[in-house]
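Breakdown of the fold
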Amino acid sequence: MRKITIVLLMLLLFVVSACGFRLAGKADLDPVFDKTHISYQGRGQEVAALIEKQFEANQYAIVERDQATAIVDVLYEHREREILSLDEDGKVREYELILQVGVSVKDADGRVLMNNQDIRLSRDFLFEINQLLGNTSEEQKIYEEMRADASRLILYRLQAVSVAVEDETDSASRPE
């Protein structure tokens, strides 16, 4: 019985590794992000705080603007709710919740690394007419989840920017 368990476990590990699955590791950002300042405008405070947590979880320092080598600016956070469906009485049954976040990134010299990126996320939300209080809390929870997703997407875009910065540096250092 023990041998069968070991064989099945090894088979499972082989299948999982063969499909390309791997745990998310540390974000691989350009050294320009080693000391980052994160600022926000308007309603972007919650997204900015989540981006800070992403940086800290990946062991990048969050510093004041005058000490920063990179500045991530959350330009806006815009929430929207659109009607998707109505019931036979004309009352709303389903909404589409939309979150838009704008981000811009510059280095300490003011060079634009990522210009005005717009991240748009949406989720469908089933509205229960008899549960108004529950609907409000569920809607807030969905927006919180979308903010967390937006912060991860911003980090992924910064990784792409890091690759582009490395490519520029490599091409500039190569003799022609």
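Residues numbered from 1 in each chain as written. Predicted model: local features only at pLDDT ≥ 70, side-chain atom pairs only at ≥ 80, totals over all residues. Heavy atoms only, no water.

Brief notes about the sheet that holds strand E4 (residues 92-107)
Short version of the rule: Only strands that DSSP links by at least two bridges are regarded as paired with each other. Numbering of helices and strands starts at the N terminus; helices are DSSP runs of H or I of at least 4 residues and strands are runs of E of at least 2.
Across the sheet, which stays open at both edges, the 5 strands sit in the order E2-E1-E3-E4-E5 with mixed pairing between neighbours. Single-partner strands in this sheet number two, and they are strand E2 (61-62) and strand E5 (112-126). Where strand E3 (residues 70-86) lies against E4, 15 bridges are found, and the strand directions are antiparallel. Bridged to Ile 83 within E4 is Tyr 95.

Remarks on a nonpolar patch on the surface
Just so we agree on the cut-off: Nonpolar side chains (Val, Leu, Ile, Met, Phe, Trp, Tyr) are joined into patches within 5 Å and like charges within 9 Å, using only residues with over 30% relative accessible area and no salt bridge. Accessibility throughout is a Shrake-Rupley quantity obtained with a 1.4 Å probe, and a residue counts as covered only by protein chains that appear here. The term salt bridge refers to a pairing of a side-chain nitrogen on Lys or Arg with a carboxyl oxygen on Asp or Glu at a separation within 4 Å. Burial classes follow relative accessibility: with a 1.4 Å probe on protein chains only, a residue under 20% of its type's maximum area counts as buried, one over 50% as exposed, and anything between as partly exposed.
Together, Ile 4, Leu 8, Leu 11, Phe 14 and Val 15 make up an exposed nonpolar region whose accessible area comes to about 530 Å². Along the chain, Ile 4 falls in helix H1 (residues 2-18). On the basis of relative accessibility, which here comes to 51%, the residue Ile 4 falls in the exposed class.

Quick look at the environment of Leu 97
Cut-off, in case you're wondering: Only heavy atoms matter for contacts: two residues are in contact if any of them lie within 4.5 Å across the pair.
Note that Leu 97 resides in strand E4. The exposure class of Leu 97 is buried, given its relative accessible area of 0%. In sequence terms Leu 97 and Arg 123 are 26 residues apart; their C-alpha atoms lie 5.3 Å from each other. Among all residues touching Leu 97, those that are not within four sequence positions of it are Glu 80, Arg 81, Leu 121, Ser 122, Arg 123, Phe 125, Glu 139, Ile 142, Tyr 143 and Met 146.

All quantities given are derived from atomic positions and should not be read as evidence of function.
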